[in-house]
Amino acid sequence: MRPYFLALAFCTSAFANELIHEDFSAATLPKGWTTGGRASSWTVVDGMLQGECAKDDDHGPAVFAPLSGCDLDLSCKVKLDEKGNCLMLVDGESAFGGQAHLLRVSIYGGTLAIAQDRGSPQSHIEHGKLRAALAKEGKKVPPPTPEQLADPKYYRTERLASAPLQARPGEWIKLDVVLRGNQVTVTVNDAQKLEAKGTVLDVAKSRLVFLVGQGRKLWLDDVKATTP
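Keep in mind the model is a prediction, meaning the values are calculated, not measured.

Draft legend 1. Seen up close, the pairing of strand 7 (residues 85-93). Within strand 7, 8 of the 9 residues are buried, which leaves the element mostly enclosed by the surrounding structure. Strand direction decides the pairing type here: strand 7 and strand 8 (residues 99-108), joined by 9 bridges, are antiparallel. Residue pairing across strands places Asp 91 opposite His 101, the latter belonging to strand 8. Where strand 7 folds back onto strand 8 in an antiparallel hairpin, the turn is made up of 5 residues, including Gly 97, whose phi is positive at roughly 100°. Relative to strand 14 (residues 205-212), strand 7 is paired through 7 bridges, and the arrangement is antiparallel. Counterpart to Leu 87 in the pairing with strand 14 is Leu 211.

Draft legend 2. Just the pattern of salt bridges, in detail. For the coordinates displayed, the defined rule picks out 10 salt bridges. The closest approach of N and O atoms between Lys 77 and Asp 222, which form a salt bridge, is 3.4 Å. Separated by 145 residues along the polypeptide, Lys 77 in strand 6 (residues 72-80) and Asp 222 in strand 15 (residues 217-226) bring together distant segments of the chain. The class of Lys 77 is partly exposed, set by a relative accessible area of 34%. The partner of Asp 190 in a salt bridge is Lys 174, and the shortest N-O contact between them spans 3.5 Å.

Thresholds, definitions, all that
- Residues numbered from 1 in each chain as written.
- Predicted model: local features only at pLDDT ≥ 70, side-chain atom pairs only at ≥ 80, totals over all residues.
- Heavy atoms only, no water.
- Buried < 20%, exposed > 50% of the residue type's maximum accessible area, 1.4 Å probe, protein only.
- Helix = DSSP H or I, 4+ residues; strand = E, 2+ residues; numbered from the N terminus.
- Pairing = 2+ DSSP bridges.
- Salt bridge = Lys/Arg side-chain N within 4 Å of Asp/Glu carboxyl O.

Pasting the structure below:
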């Protein structure tokens, strides 16, 4: 029986570990982290990660960190410019195959929000192409039709919960995100709490993403991710 208990202990420790712990003490991006957008959008400055989006970019630049596991504890410190715009995403297995955005935790215009993405990765790609084409014409994507929303494969972002953010731009904001199955709890500065329940979140996760809004700037520090 002894080998069995040793194996059980090993499996338990393997699933309860630290996936990310980054304080940006090095001069370059952490190993395994990648970026999307303009090459100079993300830089390590004075021990923190700075993200900046050019005003003429049609999509904010992103930085990606690899993840694994299903249930997660995530935390970070973020400081925003005077416009206050930040998006944290958790990607993972799509119910329609492949990898996709699953969870969104956003600070936008003084609002804290939790949302989920639903639909197929192919629909997401098609939606992005449409948005880019309309942007060149100075137009926005029209609201989805009832027929599109009735199609489970149609890609959409669904807001699950929101509240006025109890923090101010220009100050460091501590975000803690606890993800258990489809249940999400977000805590701001160990005080404000926002909870929501999704429908597509209880799957294997693949990466943590931070996105800068158009024409804005943010700073990240103390990014952590663990499995319970």
